[in-house]
Amino acid sequence: MSPPRYPDSQDIIAKLRFLPDEGQIWLGEQRVILMQVQTMATFRKEIINTMGIKRARGFFMRLGYYSGIKDAELAKEVRGQDMSIEDGFMTGPQLHTLRGLVKVVPIALEIAPEKQHFYAEFEWQDSFEVATNDTVLDHLKEPSCWMLLGYACAYSSQFMNQEIQYREVECRDCGDERCRIIGKPAQEWEDHEAFAALFREDPLIDELYELQSRIAYLEDDIARHRGDEEHRPIGKTPAFLGVLDLIDRAASSDVPIMLLGETGTGKEILAYRIHQQSDRANAPFIAVNCAAIPPELIESELFGVEKGAYTGAVQSRAGRFERAHGGTLFLDELAELSPRAQAALLRALQEKQIERVGGQTSQHVDVRIVAATHGDLAQRVEDGRFRADLFYRLNAYPVVIPPLRERRDDITLLATHFLERFEQQYRIKTLGFTDQATAALQAQTWPGNIRELQNTIERGVILAGENKSIDEKALFSHLKSYPARAERGKLLTSGGYIQTDSEHDNQANDAFLRTLCEDILAQGIGLEKLEETMLEYAYHESKGNVSAAARRLGLSRAALDYRLKKREMG
């Protein structure tokens, strides 16, 4: 049988893009780098001297393994539909050669997926790993093409959807004339279990991870006593760390704190942080979205109601102030309070006394107030829409929360946090974000801030699926401006990108909304009917999951739950 031949390589070469003005090189959706062999040789020597031969071998095999997985994805994307399985498979050796790691010469290839049969034999010429040993290390007297071997195993396993293992049966570092590998299904190798262990962290790394796990367990144990992990603020930018410092300084006092910022910036999480850092941490934390409660019901929600106070009050119940006694009451969207509710709230703050709607007696409450608004409350005071005396009492310690677009360095941290959360929630293990997807996340303006980012990551996890990378399309293809956004990756003859700025995105979104409004009004559909239809659609599309439906609508769970119950839909 004659050796297999490579397909024409122009289609994969076309995936390689050099952007010198941007300081970037791309292969498909993965960002790559150029590195001198001498640099890798020095690094390899240090790793061997630090970890020893056995651990170093596993380390470099795992390094190659991850690269092989990514290239298998690229191979299926470029050639998965148009070529035979053998020609498609040969993309991996071609990419290996294209990267400058080694010249891969095919000797034999047999693939029969229906029989789970696989056999491959290749010669490696001019292996960069042998070259590194020639420059800074003595010959190891054992096969030393570790990264190349890890790559071959990962690429073949990912491409074939079964575990394939290779052995370097000849190596120039052992005094052989050439480097040659053979690949077969794992179970056909007698030592396949021991070999597979090389792709897992060695005992030294396991010990470190075990220690980290113990620390994480202790931290989680503390968190369980002090608050829910979902309320942990995440960020490292100076602006955000400054916010944390401000609220931590005031947390131990009882001064009312006003959180100012756009919708979706995480005000409730920061309010919970204040509660956690205070002496009230073991008492209740009660959150109220004032905008989600109809004006006629806000007083009963805040202060409670006595049986028979109004039609529908069939039993007495405590309000949010009573439930928060001894703890913290978070009033979100404070600007939406009605004038009557503002007056009642001011009295409760001044006298530390509340009276249930329809009640005849007052009762003492000990509550720390944290308020929040996304609007200009001072302007509302000036316009006469908000009480000045209530504003000055609540605005004793204002904290301005920066929007996500001013926290660029936190986007990746938050995206990773949400990725882990939704992988666990949906029991999906992805391969993470592609480099292009990460760049797109960084470039997005995020008008919806952290809430919008969270919803975007959830969509990406669902669309990517098991053991796949989350690419830019999975994250942003639902946006009307996505085709323009995707054009950023198109290479021009001058070597630059076609850029799509935020103004284009905003204009496209505004145009879409105007068209939608015109259609709705033209059909004579009122606001009440539109809201009811949206609630019903989101609720049923989320299969009755109120939290998921609330995220899609940009509401808190409590707000959506109230609206569903109001319409007897929940």
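What you see is a predicted model, and the numbers here were worked out from it, not measured in a lab.

A. Structural context of empty space enclosed by the protein. Counted under the stated rule, the structure contains one cavity of 30 Å³ or more. Size it by volume and the largest cavity reaches roughly 100 Å³. Pro93, His96, Phe122, Ala152 and Tyr166 are the residues nearest the centre of the largest cavity, which is lined by 13 residues in total. Listed by contribution, the elements that provide at least two residues to the lining of the largest cavity are α5 (91–98), β5 (117–125) and α7 (146–160). If one sorts the elements of the lining of the largest cavity by residue count, α7 sits on top with four residues. Residues that form the lining of the largest cavity fall into these classes: 10 nonpolar, three polar and no charged.

B. Examining the packing of helix α2 (residues 37–51) against helix α3 (residues 53–79) more closely. The N-to-C vectors of α2 and α3 enclose an angle of 135 degrees; their axes lie 7 Å apart at closest approach. Considering their axes alone, α2 and α3 lie oblique with respect to each other. At the point where α2 passes α3, the crossing takes the right-handed sense. Along the contact surface, α2 presents Met40, Phe43, Arg44, Ile47, Ile48 and Met51, while α3 presents Ile53, Arg55, Ala56, Phe59 and Phe60. For the contact of α2 with α3, a count of residues per class yields nine nonpolar, no polar and two charged.

C. Representation of unusual backbone geometry within the structure. Although it is not a glycine, Lys352 adopts a positive phi angle of roughly 55 degrees. Its location among the elements puts Lys352 in the loop between α14 (339–351) and β11 (353–354). Phi is positive for Trp446, which is not a glycine, with a value near 55 degrees. When you line up the elements, Trp446 lands in the loop between α18 (435–443) and α19 (449–464).

D. Layout of the packing of helix α17 (residues 408–426) against α18. Interaxial distance between α17 and α18 falls to 9 Å at its minimum, and their mutual angle equals 130 degrees. Here α17 lies oblique to α18, going by the angle between them. In this structure, α17 crosses over α18, and the sense of that crossing is right-handed. From α17, Arg408, Ile411, Thr412 and Ala415 reach across to α18, where they touch Thr438, Leu441, Gln442 and Ala443. Partitioning the contact of α17 with α18 into residue classes produces four nonpolar, three polar and one charged.

E. Layout of helix α23 (residues 527–541). For α23, spanning 15 residues, the distance from its first C-alpha to its last is 21 Å, which sits close to the expected 21 Å at 1.5 Å a residue. Against α24 (546–553) and α25 (557–566) lie the buried residues of α23. Of the residues flanking the end of α23, it is Lys543, one or two places downstream, whose phi is positive at about 55 degrees.

F. Here's a closer look at the sheet that holds strand β7 (residues 179–185). In spatial order, the strands read β4-β5-β7-β6; together these four strands make up an open sheet with antiparallel pairing. A strand with exactly one partner marks an edge of an open sheet, and here the two such strands are β4 (103–112) and β6 (164–170). Strand-to-strand, the axes of this sheet are offset by a mean angle of 15 degrees, without reference to chain direction. Across five bridges, the pairing between β5 and β7 is antiparallel. Bridging across to β7, Ala120 finds its partner in Gly183. Sitting on the sheet, α7 is in contact with β4, β5, β6 and β7, with an inclination near 150 degrees to β6.

G. Region of interest: the state of the cysteines. Tallying each qualifying case throughout the model produces zero disulfides. A disulfide-free cysteine, Cys171 has its sulfur positioned 4.0 Å from the sulfur of Cys179, the nearest such atom. Cys171 sits in the buried class, given a relative accessible area of 1%.

H. Representation of the packing of aromatic side chains. The tally for this structure, following the rule as stated, stands at 17 aromatic pairs. Ring geometry for Phe89 versus Phe118: centroids 5.4 Å apart, planes at 65 degrees, classification edge-to-face. In this pair, Phe89 is assigned in helix α4 (residues 85–89) and Phe118 in strand β5, connecting sequence segments 29 residues apart. Among the residues examined, Phe89 registers a relative accessible area of 1% and is labelled buried. Phe118 sits in the buried class, given a relative accessible area of 0%. Among the aromatic residues, ring-to-ring pairing joins Phe89, Phe118, Tyr151, Tyr155 and Phe159 into one connected group. Cation over ring: Arg167 sits above Trp189, and NZ or CZ is 4.6 Å from the ring centre.

I. Representation of the pattern of salt bridges within the structure. This structure, assessed with the given rule, holds 26 salt bridges. Where Arg44 meets Glu129, a salt bridge forms, and the shortest distance between an N and an O atom there is 2.7 Å. Separated by 85 residues along the polypeptide, Arg44 in helix α2 and Glu129 in helix α6 (residues 128–136) bring together distant segments of the chain. For Arg44, a relative accessible area of 2% corresponds to the buried category. A salt bridge links Arg178 to Glu170, with the nearest nitrogen and oxygen atoms 3.5 Å apart. Residue Arg178 is classed as partly exposed on the basis of its relative accessible area of 28%. One salt-bridge network, in which partners are shared between bridges, spans Glu121, Glu123, Glu170, Arg178 and Arg180.

J. Spotlight on the side chain of Arg551. Locating Arg551 in the fold gives a position in helix α24. For Arg551, a relative accessible area of 17% translates into the label buried. Side chain to side chain, Arg551 and Glu458 meet in a polar contact 3.1 Å long. Excluding residues within four positions of it along the chain, Arg551 makes contact with Gln425, Tyr426, Gln454, Asn455 and Glu458.

Conventions used here
- Residues numbered from 1 in each chain as written.
- Predicted model: local features only at pLDDT ≥ 70, side-chain atom pairs only at ≥ 80, totals over all residues.
- Heavy atoms only, no water.
- 1 Å grid on protein atoms, 1.4 Å probe; cavity = no way out; pocket = protein on both sides within 12 Å on 5 of 7 lines; lining within 4 Å.
- Points joined across faces, edges and corners; volume = space filled by probe spheres on them.
- Helix = DSSP H or I, 4+ residues; strand = E, 2+ residues; numbered from the N terminus.
- Nonpolar A, V, L, I, M, F, W, Y, C, P; charged D, E, K, R; others polar.
- Axes fitted to C-alpha atoms, helices over the stretch in contact; angles between N-to-C directions.
- Parallel < 35°, antiparallel > 145°, perpendicular 65-115°, else oblique.
- Left-handed = near helix turned anticlockwise from the far one by under 90°.
- Contact = heavy atoms within 4.5 Å.
- Expected span 1.5 Å × (residues − 1).
- Pairing = 2+ DSSP bridges.
- Disulfide = S-S within 2.5 Å.
- Buried < 20%, exposed > 50% of the residue type's maximum accessible area, 1.4 Å probe, protein only.
- Phe/Tyr/Trp six-rings, centres within 6.5 Å; stacked < 30°, edge-to-face > 60°.
- Lys NZ or Arg CZ within 6 Å of the ring centre and 35° of its normal.
- Salt bridge = Lys/Arg side-chain N within 4 Å of Asp/Glu carboxyl O.
- Polar contact = N/O pair within 3.5 Å; in protein donor to acceptor, adjacent residues only side chain to side chain.

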